[in-house]
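# What the coordinates show
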Amino acid sequence: MSDSLPGPEPEPVEPGAAEAAAEAETYDPVGPAPLGVERVPTGDAEVDGLLRRLGDADHLATDGHIEVYEDVHRGLRDALTALDARPGPPAPSPMGTPSAPSPHSPPYNRS
């Protein structure tokens, strides 16, 4: 009679599985690195500052990017909104009030 007890047979191990498991335990991901995307100045100081702010994401882990992107998006949206609020030529009146008499209309007589 044998001294070994009956039981389940050991599961077969794929070749290289032990090495892969050891590698997974010692995996050290590379830290954040710049993408190397060139930022071309626009000539607008506010927008150029926001584009430089995008560079902050280069030094953050991926989960930190959203804060930078939301901040830049908010700033760009505000800059675009400000373009609509800038004074410009007066808009035409909805009532169509005349600004000058037409050369084709008869002169006004007070008789």
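A brief report on the enclosed structure follows. (Residues numbered from 1 in each chain as written. Predicted model: local features only at pLDDT ≥ 70, side-chain atom pairs only at ≥ 80, totals over all residues. Heavy atoms only, no water.)

## Concerning the overall build of the protein chain
Note the threshold: Going along the chain from the N terminus, every DSSP run of H or I of four or more residues is numbered as a helix, and every run of E of two or more is numbered as a strand. Using a 1.4 Å probe on the protein chains alone, a residue whose accessible area is under 20% of its type maximum counts as buried, one over 50% counts as exposed, and one in between counts as partly exposed. What makes two residues a contact is simply this: any of their non-hydrogen atoms within 4.5 Å. The method behind every accessible area is Shrake-Rupley, applied with a 1.4 Å probe, and residues are considered shielded solely by the protein chains displayed.
Helix and strand counts for the protein chain come out as three helices and zero strands. Each helix (α) and strand (β) of the protein chain, taken in turn from the N terminus, gives the series α-α-α. Looking at the protein chain as a whole, 11% of its 111 residues are labelled buried. A separation of at least 24 residues holds for 33% of the contacts in the protein chain among residues at least 6 apart in sequence. Of the accessible surface of the protein chain, which amounts to about 10400 Å², a share of 59% is contributed by carbon and sulfur atoms.

## Section: the side chain of D58
With respect to the helices, strands and loops of the structure, D58 is situated in the loop between helix 2 (45-54) and helix 3 (65-85). Apart from the residues lying within four places of it in its own chain, the contact partners of D58 are P32, A33, P34, L35 and R39.

## What about the environment of V37?
Following the sequence through the fold, V37 ends up in the loop between helix 1 (17-25) and helix 2. Along the sequence, V37 and D58 sit 21 residues apart, while their C-alpha atoms lie 9.9 Å from each other.

## A short note on the pattern of salt bridges
Rules: A side-chain nitrogen of Lys or Arg and a carboxyl oxygen of Asp or Glu constitute a salt bridge if their distance falls within 4 Å.
Tallied over the full model, the rule gives four salt bridges. One salt bridge in this structure joins R53 and D56, with 2.7 Å as the shortest N-O distance. According to the relative accessible area criterion, D56 is partly exposed, its value standing at 36%. Measuring nitrogen to oxygen at the nearest pair gives 3.9 Å for the salt bridge that ties R74 to D71. Of this pair, R74 and D71 are both found in helix 3, three residues apart, which corresponds to roughly one turn of the helix. Judged by its relative accessible area of 41%, R74 falls in the partly exposed class. Residue classification places D71 among the partly exposed positions, given a relative accessible area of 26%.

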